[in-house]
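The lines below spell out each chain.
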Number of protein chains: 2
Amino acid sequence: MESLSVALGSRSYPIHIGAGILGTSALYTPYLAGSAAIVTNEVVAPLYLDRVRQALESAGARVTRIVVPDGEQAKGWQTLERVFDALLAARCGRDTLLVALGGGVVGDLAGFAAAVYQRGIAFVQVPTTLLAQVDSSVGGKTAINHPRGKNMIGAFHQPRAVIADLATLDTLPERELRAGLAEVIKHGAALDRAFFGWLEQNIEKLLARERGALTHAVRRSCELKAAIVAADEREAGPRALLNLGHTFAHAIEAGSGYGAWLHGEAVAAGMVMAAELSRLLKLIGSDDVARVRTLISRAGLPVKGPPLALDEMLALMAVDKKAAKGELRFVLLERLGSASMRGGVDEPLVRAAIVAAAQ
Amino acid sequence: MESLSVALGSRSYPIHIGAGILGTSALYTPYLAGSAAIVTNEVVAPLYLDRVRQALESAGARVTRIVVPDGEQAKGWQTLERVFDALLAARCGRDTLLVALGGGVVGDLAGFAAAVYQRGIAFVQVPTTLLAQVDSSVGGKTAINHPRGKNMIGAFHQPRAVIADLATLDTLPERELRAGLAEVIKHGAALDRAFFGWLEQNIEKLLARERGALTHAVRRSCELKAAIVAADEREAGPRALLNLGHTFAHAIEAGSGYGAWLHGEAVAAGMVMAAELSRLLKLIGSDDVARVRTLISRAGLPVKGPPLALDEMLALMAVDKKAAKGELRFVLLERLGSASMRGGVDEPLVRAAIVAAAQ
């Protein structure tokens, strides 16, 4: 097992990475004060719930189990209410440790529940998808969706620890593995040119789930994200660079109905659009766009969006959180491995980028 | 106008106290970055909404007005959803300033909306009731109710400023003035024996709304609360002392159906129960209990709870947030003007205190 740290002063926490570690009682013990609640979904529960429950119980905790439906559709108020109901029915107090066991949806939902239940309780992330291990479980962003926009209601609430068990990736459906690779590629494209090059050389090993390759990809992604989060916890500056492709991706997800596209798939297509927009703004050349497009394609991910009208895409982007002061803002590539936030992008160029991605 | 400060490092903020100040544009200007949204209720809107809107517009802001129903029943998810809908429909971004214009319900609801809308936006409290001016608008506690318990879902989210306009108290219904006095009395009983004595001498002036007496009561309450909040923002320790009477009060409110009792009324009766419990634990004498009971009675506030079965009261208290590790915890009076938190109180004594309060 390897451990990294997210350096946030009194809110610093470890990320543990290893195979078969989610049942290790000692990883939870420091955060237990009596009772615990595990939030997971119907797919993950039969696989790992008992092992996590046993780990908590052998540390002396009274454990409440809360199983929510699978899928992005579950990331709304209705499911959140079920979590609150179960916590209150079990008389969970402020000293309860909430354990989020699952992918990005469970992590975002359970993390937000922990952020606002009795004005905030402690929680631990146990991500069981590649996407959650390399991205969503680290950094304290929690949220639920609103019919008018994804992740519109949420909070910054840092976990006490992240326990990334690589063995859970063995059971991950192919499509979700690929969706997770989209975020890994994003980290390379936006932050680390050398890592992007490593991914170009190892994408087949990752798709074949070679443990050594996956370990490096998860660790490097977590390192990159931890450094960004430590520098900018609440996304006032550099942290926004992690949103490469996300302005487009949120529109794709909202326009297709939540759940039709996996988040990683939308980010993949969104990254190609962002790369094309960067090219149209003369920041990068067509060779770099081609590298992004090719790697995404080799990972089995979509390089173009769904058949949405351009006007609809633009309207959906306008409501995006990053549309500060009414202007469209984008994370763009300055070069491969280096991104920046730019505002005041002309709408015709945005349209042209979406069209170019679809070519 | 007088101004105090709540000292919370980078999150410090001023409390402005004065008559006729809610329309002063300069008090909002430092926090405006383009757009603003005012959340208020149907009763307050006709009285003050236009003046606040004009103050914001003359500072150059685009203003969205959101009017919610009046009353404790509105402090739930359904109303919160209306606020989110209106903010999203108006395309309010992360730079929006939310202004909470109203009493405790509007402040708690709008404050929580600000805490979680797009993971947190800035807000200003403009309290228009005595209760909100002396208590709920200061300190960053925000929340909505859950059918299983009051304030169960919430966040700590400090306002950028509190603008307490004493002129709004002129239009306050008598019953709400009294409910606000309950929290003023609480500050004296729990924290400041001299202030409690001052209240005993000036309660008639306060009930007659003499501006000088009200100014002193609001300022001293805000000073006491600001000091406590600065020492303990997230209620890990001394801040809990502000909850004198609240374990009983929450049970009274939940058992009567939210809204039947005003929060201040429940706190008043809860304080008498807490005083009786302190006496049964031999912390204070019956003379101090009598002073608490008499002052509350002179303020026109209830000294005993609603006709709830003792078992129901106890069951409702057990789910309270302060029931840490399954044991009942209470804020008790060590002497008049000094409180402490105590756990492990025997249930028969709690029952006896509720009965004694009703004598």
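What counts and how
- Residues numbered from 1 in each chain as written.
- Chains lettered and ligands numbered in written order.
- Predicted model: local features only at pLDDT ≥ 70, side-chain atom pairs only at ≥ 80, totals over all residues.
- Pairing = 2+ DSSP bridges.
- Helix = DSSP H or I, 4+ residues; strand = E, 2+ residues; numbered from the N terminus.
- Axes fitted to C-alpha atoms, helices over the stretch in contact; angles between N-to-C directions.
- Contact = placed C-beta atoms within 7 Å.
- Nonpolar A, V, L, I, M, F, W, Y, C, P; charged D, E, K, R; others polar.
- Least-squares fit on C-alpha atoms with pLDDT ≥ 70 in both.
- Parallel < 35°, antiparallel > 145°, perpendicular 65-115°, else oblique.
- Left-handed = near helix turned anticlockwise from the far one by under 90°.
- Domains from an automatic or database assignment.
- Expected span 1.5 Å × (residues − 1).
- Buried ≥ 20, exposed ≤ 12 C-beta atoms within 10 Å, placed from the backbone.
- Right-handed = clockwise from strand over helix to strand, strands pointing away.
- Arc of directions from axis to C-beta.
- Core = buried A, V, L, I, M, F, W, Y, C linked by C-beta atoms within 7 Å.

1. Details of the sheet that holds strand β1 (residues 2-6) of chain A
Residues and elements named next belong to chain A. The seven strands lie next to each other as β1-β2-β9-β6-β5-β3-β4, forming an open sheet whose pairing is mixed. If you trace the sheet from one side to the other, it starts and ends with β1 and β4 (62-68), each paired once. Averaged over neighbouring strand pairs, the angle between their axes works out to 15° when direction is ignored. With respect to the sheet, helix α1 (residues 45-57) is in contact with β3 (35-41), β4, β5 (97-102) and β6 (123-127), its orientation differing from that of β3 by roughly 170°. Helix α2 (residues 77-89) contacts β3 and β4 of the sheet and is inclined by roughly 160° relative to β4.

2. Considering the interface of chain B and chain A
At the interface, 30 residues of chain B touch 30 residues of chain A. Of all the secondary structure elements, the ones that give two or more residues to the side of chain B that touches chain A are α2 (77-89), α3 (104-116), β7 (141-146) and β8 (149-156) of chain B. Ranked by the residues each element gives to the side of chain B that touches chain A, the list is headed by β8(B), at six residues. Residues of the side of chain B that touches chain A, tallied by class, amount to 15 nonpolar, seven polar and eight charged.

3. Quick look at the relation of the copies chain B and chain A
Relative to chain A, chain B is turned by 180° and slid 0.0 Å along the rotation axis, the superposed coordinates differing by an RMSD of 0.0 Å. Here the symmetry operator amounts to a two-fold rotation axis. Taken together, the interface assignments show that 100% of the residues at the interface of chain B recur at the interface of chain A, consistent with an identical surface on both copies.

4. With respect to the pairing of strand β10 (residues 330-335) of chain B
All names here are of chain B. Inspection of the sheet shows β10 paired to strand β11 (residues 338-342) by five bridges, in the antiparallel sense. When the sheet's bridge partners are listed, V331 is paired in β11 with M341. Once β10 ends, the chain turns through two residues before running back antiparallel as β11, passing G337 with a positive phi of about 95°.

5. Side note on the sheet that holds strand β2 (residues 13-18) of chain B
Within a sheet, neighbouring strands are paired by backbone hydrogen bonds and run either parallel or antiparallel to one another. All names here are of chain B. The seven strands lie next to each other as β1-β2-β9-β6-β5-β3-β4, forming an open sheet whose pairing is mixed. Because the sheet does not close on itself, it has two edges, and the strands there are β1 (2-6) and β4 (62-68). Sheet twist, expressed as the mean angle between neighbouring strand axes with direction ignored, is 15°. By the bridge criterion, five bridges tie strand β5 (residues 97-102) to strand β6 (residues 123-127) in an arrangement that is parallel. When the bridges of β6 are listed, A100 appears paired with Q125. Contacts between α2 and the sheet are confined to β3 (35-41) and β4, with β4 contributing the most and set at about 160° to the helix.

6. Let's talk about the packing of helix α5 (residues 174-191) of chain B against helix α7 (residues 211-231) of chain B
Residues and elements named next belong to chain B. Two numbers describe how α5 lies on α7: the axes approach to 10 Å, and their chain directions differ by 50°. Overall, the two elements α5 and α7 adopt an arrangement that is oblique. At the point where α5 passes α7, the crossing takes the left-handed sense. Of α7, the residues touching α5 (which contributes V184, H187 and L191) are A217, S221, L224 and K225. Of the residues that constitute the contact of α5 with α7, the class distribution is four nonpolar, two polar and one charged.

7. Focus on the domain arrangement of chain A
Residue and element names in this part refer to chain A. What the domain assignment lists for chain A is domain 1 (2-171) and domain 2 (174-357). Contacts between the two partners involve 29 residues from domain 1, matched on the other side by 31 residues from domain 2. Only β1, β2 (13-18), α4 (130-136) and β8 (149-156) provide two or more residues apiece to the side of domain 1 that touches domain 2.

8. Observations regarding the environment of A:A100
Residue and element names in this part refer to chain A. With respect to the helices, strands and loops of the structure, A100 is situated in strand β5. Separated by 140 residues in the primary sequence, A100 and A240 place their C-alpha atoms 24 Å from one another. In contact with A100, not counting residues within four places along its chain, are V39, V106, G107, A110, G111, F123, Q125 and V126.

9. What to know about helix α7 (residues 211-231) of chain A
All names here are of chain A. The end-to-end C-alpha separation of α7 is 30 Å, in line with the 30 Å expected for 21 residues at 1.5 Å each. For α7, the full list of buried residues reads L214, A217, V218, R220, S221, C222, L224, K225, A226, I228 and V229. The elements touched by buried residues of α7 are β1, β2, α4, β9 (161-165), α5 (174-191) and α6 (193-207).

10. What to know about the packing of helix α9 (residues 263-280) of chain B against helix α12 (residues 347-357) of chain B
The relative placement of two packed helices comes down to the angle between their axes together with the axis-to-axis distance. All names here are of chain B. Running from N to C, α9 and α12 point in directions that differ by 125°, and their axes come no closer than 8 Å. With respect to α12, the element α9 is oriented oblique. When the axes of α9 and α12 are compared, the crossing they make is right-handed. On α12, the residues touching A269, V272, M273, E276, L277 and L280 of α9 are L349, V350, A352, A353, I354, A356 and A357. Residues belonging to the contact of α9 with α12 are distributed by class as follows: 12 nonpolar, no polar and one charged.

11. Topic: the pairing of β3(B)
Strand residues, when the strand is regular, have side chains that alternate between the two faces of the sheet. All names here are of chain B. The element β3 is largely enclosed, with a buried count of seven among its seven residues. Side chains S35, A37, V39 and N41 of β3 all project onto a buried face; the interleaved residues A36, I38 and T40 project onto the opposite face, where all are buried too. Chirality of the crossover, the property in question, places the unit of β3, helix α1 (residues 45-57) and β4 among those that are right-handed. Pairing between β3 and β5: four bridges, direction parallel. The residue of β5 that forms the bridge with A37 is L98.

12. Focus: α2(B)
With 13 residues, α2(B) should cover 18 Å at 1.5 Å per step; its first-to-last C-alpha distance of 18 Å lies within 8% of that length. Of the residues making up α2(B), those classed as buried are B:T79, B:L80, B:V83, B:F84 and B:L87. Burial along α2(B) is one-sided: seen end-on, the buried residues are contained in an arc of 145°. Elements that come into contact with the buried residues of α2(B) comprise β7 (141-146) and β8 of chain A together with β3, β4, α3 and β7 of chain B. Positive backbone phi, approximately 55°, marks B:R91, located one or two places after α2(B).

13. Here we look at the nonpolar core
In terms of nonpolar packing, the biggest core is built from 246 residues, with A:V39, A:A113, B:V39 and B:A113 touching the most fellow members. The contacts of A:V39, once residues within four sequence positions are left out, are A:I66, A:V68, A:V83, A:L98, A:A100, A:L101, A:V106, A:A110 and A:A113.

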